[in-house]
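# Structural overview for review
This is what each chain is made of:
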Amino acid sequence: MDHVVFYAGPDAAPGFRRFSSLDEAVRFVEHMRNVEGVEDVSVNLLTPVPLAFRAYYKVEVPPVEMSPAEVAAVPEQPMAAEPVLPEPVDPMPIDAVPVDVAPVEVLAPAEPVPAANGKRSLGFFAH
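Sequence order sets the numbering: in each chain, residues are counted from 1 along the sequence as written. This being a predicted model, a pLDDT of at least 70 is required before a residue's local features are given, and a value of 80 or more before pairs of side-chain atoms are given or counted; all residues contribute to the totals for chains, interfaces and linings. Each side-chain value is worked out from all heavy atoms of the structure, with water and hydrogens disregarded.

### Thoughts on a nonpolar patch on the surface
Patch membership requires over 30% relative accessible area and the absence of a salt bridge. Like charges are linked within 9 Å, and nonpolar side chains (Val, Leu, Ile, Met, Phe, Trp, Tyr) within 5 Å. Accessibility throughout is a Shrake-Rupley quantity obtained with a 1.4 Å probe, and a residue counts as covered only by protein chains that appear here. Here, a salt bridge means any side-chain nitrogen of Lys or Arg that lies within 4 Å of a carboxyl oxygen of Asp or Glu. On the surface, L22, V26 and V43 cluster together to form a nonpolar patch covering roughly 220 Å² of accessible area. Secondary structure elements are defined from DSSP: runs of H or I of at least 4 residues count as helices, runs of E of at least 2 residues count as strands, and each element is numbered from the N terminus. On the secondary structure map, L22 appears in helix α1 (residues 22-36).

Quick look at the structure:
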């Protein structure tokens, strides 16, 4: 099993070296400490991590400038699953609305405050 030694070099730049055995890694750490004067080291065992690959679908929209013949030439991709349609909702009869409900005041949307540079903010989506 491979080992890796992480260390901060004499100029404080991070570095690492990979070794095929623990003995080689320990000898390197001894060299770094005794010869180079490096104290910030760690030895780690490299173990394989199992991976799984899954297919996913990417939706692409053709450019607007395409002619109908070009749009027809784009091959159709099979759908991954049947679309889920919402169940129809029965509308509430008008006579079921309570009469004693206070009217709701409709407010006009607030005007966006321009930024100092004159551009509009994207708000929440800018983060």
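### Considering the pairing of strand β2 (residues 14-19)
Where strand β1 (residues 3-8) and β2 come together, six bridges link them in antiparallel fashion. Of the residues in β2, the one forming a bridge with V4 is R18. In this analysis, strands are considered paired if DSSP registers two or more bridges between them. Two successive antiparallel strands, β1 and β2, enclose a turn made up of five residues, where A12 displays a positive phi of approximately 70°.

### A word on the pattern of salt bridges
Applying the stated criterion to the full structure yields two salt bridges. Between D2 and R18 there is a salt bridge, with the nearest N and O atoms lying 2.6 Å from each other. Residue D2 is located in the segment before β1, and its partner R18 is located in strand β2; the two are separated by 16 residues in the primary sequence. We note a salt bridge from R33 to E39, for which the minimum N-O separation is 3.7 Å. For each residue, the accessible area found with a 1.4 Å probe, counting protein chains only, is set against the maximum for its type, and the residue is called buried under 20%, exposed over 50%, and partly exposed in between. Under the relative-accessibility criterion, R33 is labelled partly exposed at 43%. Of the residues examined, E39 reaches a relative accessible area of 61% and is grouped as exposed.

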